[in-house]
Amino acid sequence: MSSTPQQPKRPLTILQRSLNMKVSVRLKNELEYRGRMNNVDSYMNLILLDAEEFNGANANPVANYGKVVIRGNNVLFIKIEKDL
Amino acid sequence: MSSTPQQPKRPLTILQRSLNMKVSVRLKNELEYRGRMNNVDSYMNLILLDAEEFNGANANPVANYGKVVIRGNNVLFIKIEKDL
Amino acid sequence: MSSTPQQPKRPLTILQRSLNMKVSVRLKNELEYRGRMNNVDSYMNLILLDAEEFNGANANPVANYGKVVIRGNNVLFIKIEKDL
Amino acid sequence: MSSTPQQPKRPLTILQRSLNMKVSVRLKNELEYRGRMNNVDSYMNLILLDAEEFNGANANPVANYGKVVIRGNNVLFIKIEKDL
Amino acid sequence: MSSTPQQPKRPLTILQRSLNMKVSVRLKNELEYRGRMNNVDSYMNLILLDAEEFNGANANPVANYGKVVIRGNNVLFIKIEKDL
Amino acid sequence: MSSTPQQPKRPLTILQRSLNMKVSVRLKNELEYRGRMNNVDSYMNLILLDAEEFNGANANPVANYGKVVIRGNNVLFIKIEKDL
Amino acid sequence: MSSTPQQPKRPLTILQRSLNMKVSVRLKNELEYRGRMNNVDSYMNLILLDAEEFNGANANPVANYGKVVIRGNNVLFIKIEKDL
């Protein structure tokens, strides 16, 4: 576990450096949530602010959430829209 | 694990600071429960008081629960209706 | 993990204080069991006495069980009918 | 973890005190096995002797097993037919 | 965890004493494998020799395997055909 | 756990030596992602850069992702297109 | 856990002694991969070289993979075609 400069960052470290970025979170059940990633832990539990819920091919959000805590085990992937 | 002021709170810490707030809990089986979050642990096991059960698009509750303990592994997300 | 008086009880602690109460246990497969909660552990394995099995919308029990041990990982929620 | 006399037994302790009793074991896939519970561990892995396999509403056994080891993670519940 | 003579053996101990016996292994996906149990560990990973694959009600094997390693988490049950 | 020269590398070690290679990641839900593997951990959480999403037999990508974090438990396999 | 000469090898030990053998790996989703087992760990994560993908009853491979890392939790069984 040496940490020489050339060693790449681990995925969860990268995630935690992307706080407050806009992200799209796709869940296993096909729903997708877009919002600002206020918080994330090593299990990929995350908190989104100003989140919109999208359902598959439908381009318009089907619901809005001021603050939502997503349980990490449902996450398929997190797309970082804008990164450091 | 330093805890400097600028470090963001972890999701489960946020959740546990939202006790007694109104929440909506969506489960993996599409059911949704709304009530007062009396309690939650790090596994997202939670206790809701004065809970109503909703089924998908149906706007009216299909059942009422004075006190219900939801097993965390079924949780998709927890929407915090009103937060500190 | 201080335990000041104002700190709320954790969900599993609450559950274990509700022993011998009447509960309804909904499983992930839609079946529901009602009976007296003789016992429960931190995994939500539980023992029900004088239990009745219900199947979805059907108001009449489809089976009766003198003593049944339910494996916790199947539990969706536990409704506490009458609590301390 | 005090063990005062009035503290109830945990579910798995109860199970292990019911060895050699007749039990019905319902699995998640709807199959049910009835036999003598020769053995059980804390994961609910169990050994049944003289077991019969039942399939849902069918009252007649569809197969017989002299000795069968059931993997605990498939168990929905264990009904203890006759208990100490 | 006393180990008095009258204490029953745990299921996995029993399994490991049945090595080289003929077994039938039913998996969660309904397939069944019959062969000689060359090896098994506490996760129910097992090695079968001279194994035949059966598919549900079909009485004839659909495939033969000289040596196959089955991952334990797929196991529904293991029937011990002939035991010590 | 001796580490003599003739001992083969473990799969996850191999993976982590393939950073920055082009990979195809097939998920359990049939979707496939192709891109440069920027990062991977022992759980197979991985970060892809310049990723394209493919859906089954369709030869054209259905979406593009600048930077995506895939949760490891969804991974079926990772094909390393070009390796050291 | 004595290790007398007559004690059988554990399944994962057997697997790791079969490196570089030809294997067939059946996954839970019915796909099957055949190739040379370059590597395997205790979780059954494995690396196949010169792998072919087969789909159920179809005798012809549907895809070829120079080097593929399969995540162990998808594995149903590993058939060792030719063993030491």
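Residues numbered from 1 in each chain as written. Chains lettered and ligands numbered in written order. Predicted model: local features only at pLDDT ≥ 70, side-chain atom pairs only at ≥ 80, totals over all residues. Heavy atoms only, no water.

Caption draft 1: Spotlight on the overall build of chain A. Looking only at helices and strands, chain A has 1 helix and 5 strands in total. Mapped in sequence order, the helices and strands of chain A form the string α-β-β-β-β-β. In chain A, which comprises 84 residues, the share counted as buried stands at 54%. If you take every contact in chain A between residues at least 6 apart in sequence, the share linking residues at least 24 apart comes to 42%. Just so you have it, chain A exposes about 4000 Å², and 48% of that area is on carbon and sulfur atoms. (Helix = DSSP H or I, 4+ residues; strand = E, 2+ residues; numbered from the N terminus. Buried < 20%, exposed > 50% of the residue type's maximum accessible area, 1.4 Å probe, protein only. Contact = heavy atoms within 4.5 Å. Areas by Shrake-Rupley, 256 points an atom, 1.4 Å probe, with all protein chains shown as cover.)

Caption draft 2: Up close: the relation of the copies chain C and chain D. Note on the copies: chain C fits chain D at an RMSD of 0.0 Å, the axial shift is 0.0 Å, and the rotation between them is 51 degrees. A different interface surface on each copy is seen, since only 4% of the contact residues of chain C are contact residues in chain D too. (Least-squares fit on C-alpha atoms with pLDDT ≥ 70 in both.)

Caption draft 3: Here's a closer look at the pairing of strand β1 (residues 22–27) of chain E. All names here are of chain E. Within β1, 5 of the 6 residues are buried, leaving the element largely enclosed by the surrounding structure. As judged from the 5 bridges shared by β1 and strand β2 (residues 31–40), these two strands associate in the antiparallel manner. In the strand pairing of β2, Val23 is matched with Gly35. If you look at the hairpin formed by β1 and β2, you'll find 3 residues sitting between the two strands, and Glu30 has a positive phi there, around 85 degrees. Here β1 runs beside strand β5 (residues 75–80); their pairing, made up of 5 bridges, is antiparallel. (Pairing = 2+ DSSP bridges.)

Caption draft 4: Geometry of the relation of the copies chain D and chain E. By a simple turn and slide, chain D fits onto chain E: the slide is 0.0 Å along the axis, the RMSD is 0.0 Å, and the turn is 52 degrees. A share of only 4% of the interface residues of chain D reappears at the interface of chain E, consistent with the copies meeting through non-equivalent patches.

Caption draft 5: Quick look at the interface of chain D and chain E. Across the contact, 23 residues belong to chain D and 20 residues belong to chain E. Buried surface at the junction of chain D and chain E, both sides included, amounts to about 1800 Å², of which 56% is carbon and sulfur. Looking only at chain D, the three residues that lose the most surface to chain E are Lys67, Val69 and Arg71 of chain D, adding up to 38% of its buried area. At the boundary of chain D and chain E, one finds 1 salt bridge. Of the charged contacts, one joins Glu53 of chain D and Arg26 of chain E as a salt bridge, the two residues approaching to 3.2 Å between their closest N and O atoms. Linking chain D with chain E are 10 residue pairs in polar contact (both at pLDDT 80 or more). When residues of the side of chain D that touches chain E are traced back to their parent elements, those giving at least two are β2 (31–40), β3 (46–55) and β4 (63–70) of chain D. The element best represented in the side of chain D that touches chain E is β4 of chain D, accounting for 6 residues. Class assignment of the residues belonging to the side of chain D that touches chain E gives a composition of 11 nonpolar, 8 polar and 4 charged. (Buried area = accessible area lost by both parts, 1.4 Å probe. Salt bridge = Lys/Arg side-chain N within 4 Å of Asp/Glu carboxyl O. Polar contact = N/O pair within 3.5 Å; in protein donor to acceptor, adjacent residues only side chain to side chain. Nonpolar A, V, L, I, M, F, W, Y, C, P; charged D, E, K, R; others polar.)

Caption draft 6: Seen up close, the interface of chain C and chain D. Counting residues at the interface gives 23 residues for chain C, matched by 20 residues for chain D. Summed over both partners, the interface of chain C with chain D comes to about 1800 Å²; 56% of that surface belongs to carbon and sulfur atoms. It is Lys67, Val69 and Arg71 of chain C that lose the most area in chain C upon contact with chain D, and together they represent 38% of the buried surface on that side. Inspection of the chain C/chain D interface yields 10 residue pairs in polar contact (both at pLDDT 80 or more).

Caption draft 7: Structural context of the packing of aromatic side chains. Inspection of the entire model under this criterion finds 21 aromatic pairs over all chains. Judged by centre distance (5.7 Å) and plane angle (70 degrees), the ring pair of Tyr33 of chain E and Phe77 of chain G falls under edge-to-face. Residue Tyr33 of chain E is found in strand β2, and its partner Phe77 of chain G is found in strand β5 (residues 75–80); the two belong to separate chains. A relative accessible area of 0% means that Tyr33 of chain E is categorised as buried. With a centroid separation of 6.0 Å and an interplanar angle of 65 degrees, the aromatic rings of Tyr33 of chain F and Tyr65 of chain F are classed as edge-to-face. Within this pair, whereas Tyr33 of chain F is found in strand β2 (residues 31–40), its partner Tyr65 of chain F is found in strand β4 (residues 63–70), the two being separated by 32 residues in sequence. Owing to a relative accessible area of 6%, Tyr65 of chain F belongs among the buried residues under this scheme. Site record: aromatic cluster; members linked through ring pairs are Tyr33 and Tyr65 of chain A together with Phe77 of chain B. (Phe/Tyr/Trp six-rings, centres within 6.5 Å; stacked < 30°, edge-to-face > 60°.)

Caption draft 8: Spatial organisation of unusual backbone geometry. Phi at Met44 of chain E takes a positive value of approximately 70 degrees, unusual for a residue other than glycine. Along the chain, Met44 of chain E turns up in the loop between β2 and β3 (46–55). Of note, Asp50 of chain F is a non-glycine position whose phi angle comes to about 50 degrees, a positive value. The exposure class of Asp50 of chain F is exposed, given its relative accessible area of 57%.

Caption draft 9: Local environment of the environment of Ala63 of chain A. Residue and element names in this part refer to chain A. The topology assignment puts Ala63 in strand β4 (residues 63–70). Separated by 12 residues in sequence, Ala63 and Ala51 place their C-alpha atoms 8.5 Å apart. Apart from residues lying up to four places away in sequence, Ala63 is in contact with Ala51, Glu52 and Glu53.

Caption draft 10: Structural context of the pattern of salt bridges. Within the structure shown, the criterion is met by 28 salt bridges over all chains. Salt-bridge contacts for Arg26 of chain E lead to Glu32 of chain E; the nearest nitrogen and oxygen are separated by 2.9 Å. The pair Arg26 of chain E / Glu32 of chain E is uniform in exposure class, with both members buried. When salt bridges that share partners are traced, they join Arg26, Glu32 and Arg34 of chain A together with Glu53 of chain F into one network.

Caption draft 11: Quick peek at the environment of Asn29 of chain B. All names here are of chain B. In this fold, Asn29 is placed in the loop between β1 (22–27) and β2 (31–40). A residue is classified by how much of its surface remains accessible, and Asn29, at 27% relative accessible area, is partly exposed. A sequence separation of 26 residues divides Asn29 from Asn55, and the C-alpha atoms of the two residues are 9.5 Å apart. Within the structure, the side chain of Asn29 is placed 3.1 Å from the backbone nitrogen of Leu31, a separation counted as a polar contact.

Caption draft 12: Representation of the pairing of strand β3 (residues 46–55) of chain G. Residues and elements named next belong to chain G. Of all the 10 residues making up β3, 7 are buried; the element is thus mostly covered by neighbouring parts of the structure. Looking at chain direction, strand β2 (residues 31–40) and β3 are connected through 8 bridges and run antiparallel. Looking at β3, one finds that Tyr33 is bridged to Glu53. As consecutive antiparallel partners, β2 and β3 are separated by 5 residues, and within that stretch Met44 has a phi angle of approximately 70 degrees, a positive value.

Don't take any of this as a statement about function, it's just geometry.
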